[in-house]
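Residue-level listing of the chains:
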Amino acid sequence: MNSRIMTKATQGAVVAHDLSRPVVNGGLLERVAEFPAEGKPYGHAVAPDLQCAAYTTDEALICVERDGTPRWRSEFGAAPKQYMNGRASCEFSQKGDVVWLYRPDLAMKGRGHTDQWLAFDAATGNVLGQVDLGSGGHGAQHFVHPDGEQILLEVGEGQEGARVYSARLDGTGIALTVCEWDAMLFDMSPDGSRLMTVQDVRGSLLQELVIRTFPGGEECVTVSAEALGYDEDKYETFFIGFTVGYLDAGTAIVSVRGELAEDEDDDEPQDLDFHRNQLVDVQSGRVLGPMPPEFVEREDIVPLGDGSWLTTGSDGGWYRHTL
């Protein structure tokens, strides 16, 4: 995700929202640009200057002008029928001069292929670099580093977990680094010095939240499932996520979800599913408590890293909130 521009796909368009505009607590996040597109895009991104958008379909990456006129496109060469479920994703660099593309070639083309990561000149579509990731993912998420040079990618491989990479252009192509730690990447701190990850606890079915340094990857803060409220007598299953991210530089919104243990003495139908959003001090790992009551059980919260978060209204729009 680009730290300033957020995008949403609709049928026939990519819509841009500018997060740098003043926050109105509870207010609708207004559209600032809309780019006509072919059908409903899967991956989508808009340049920081709002002059062009990029989006992916099953067949191609397409870069378009404000009026939807194609600037350039890159065909995927996908097989007529996908080998497995997989979607390409794209993102602009911090400066908007590069479009990064994750292309799930195993999913699109079948055995003998692995995922590719490409960088394109945003103005011309010329390929600036391409690397074979060696992964077989279903989808991926980009994280643009605020230094304007680096970008991270988390590739989801289903039951195999996730792989995380970082990259930059070095003048000859893509300089790729494979992150050796085994965890899912959820967010990057506003200054780019920390990564928020979730990993499985060895020998257990539980997970833990781990804050890591970047680029080193050292674990600096760990928050256990027990600290987030897990009790083996109360819960049948207990997972961290799907909402995990920086509310601001010092605080995270972390959700836990799963299934409560069934009360065997209660003959009435029981709603055992739960979802709870909590605030965590990312410097100490201390759990600060639940979010305000109207947000504690919502499953649509998107932390923005600037002290605010989004929810989705009944009209489908994004609404921005602060504590």
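All values derive from a computational prediction rather than experimental measurement.

Caption draft 1: Inspection of the overall build of the protein chain at higher detail. Helix and strand counts for the protein chain stand at 1 helix and 27 strands. Taken over C-alpha atoms, the radius of gyration comes to 20 Å for the protein chain, in line with the 20 Å a tight globule of 323 residues would show. Taken along its principal axes, the extent of the C-alpha atoms in the protein chain is 65 × 45 × 40 Å. Buried positions account for 51% of the 323 residues belonging to the protein chain. By sequence separation, contacts in the protein chain at least 24 residues apart represent 43% of the contacts at least 6 residues apart. Summed over all atoms, the accessible surface of the protein chain reaches about 15,400 Å², with 46% contributed by carbon and sulfur. Of the charged side chains in the protein chain, 25 are positive and 53 negative; the average position of the first set lies 8 Å away from that of the second.

Caption draft 2: Fine view of the nonpolar core. Counting 21 residues, the largest nonpolar core has Met196, Leu209, Leu228, Phe238, Val244 and Val254 as the members making the most contacts within it. Of all the elements in the fold, those that place two or more residues in this core are β18 (194-200), β19 (207-213), β20 (219-223), β21 (235-248), β22 (251-260) and β23 (273-281). Discounting residues that sit within four places of it in the chain, Val244 has contacts with Phe186, Asp187, Met196, Val198, Leu209, Ile253 and Val254. Residues Ala54, Phe76, Cys90 and Met108 belong to the second largest nonpolar core, which totals 17 residues.

Caption draft 3: The side chain of Thr311, seen in detail. In this structure, Thr311 sits in strand β26 (residues 308-312). A distance of 2.8 Å separates a polar atom in the side chain of Thr311 from a polar atom in the side chain of His321. Residues within four places of Thr311 in sequence aside, it is in contact with Phe295, Arg298, Asp300, Ile301, Gly317, Trp318, Tyr319 and His321.

Caption draft 4: Region of the structure containing the environment of Asp233. Inspection of the secondary structure assignment puts Asp233 in the loop between β20 and β21. Considering only alpha carbons, one finds Asp233 and Asp271, 38 residues apart in sequence, at a separation of 17 Å.

Rules used in this analysis
Residues numbered from 1 in each chain as written. Predicted model: local features only at pLDDT ≥ 70, side-chain atom pairs only at ≥ 80, totals over all residues. Heavy atoms only, no water. Helix = DSSP H or I, 4+ residues; strand = E, 2+ residues; numbered from the N terminus. Rg over C-alpha atoms; globule rule 2.2 N^0.38 Å. Buried < 20%, exposed > 50% of the residue type's maximum accessible area, 1.4 Å probe, protein only. Contact = heavy atoms within 4.5 Å. Areas by Shrake-Rupley, 256 points an atom, 1.4 Å probe, with all protein chains shown as cover. Lys, Arg positive; Asp, Glu negative; His and termini not counted. Charge placed at Lys NZ, Arg CZ, Asp CG, Glu CD. Core = buried A, V, L, I, M, F, W, Y, C linked by side-chain atoms within 4.5 Å. Polar contact = N/O pair within 3.5 Å; in protein donor to acceptor, adjacent residues only side chain to side chain.

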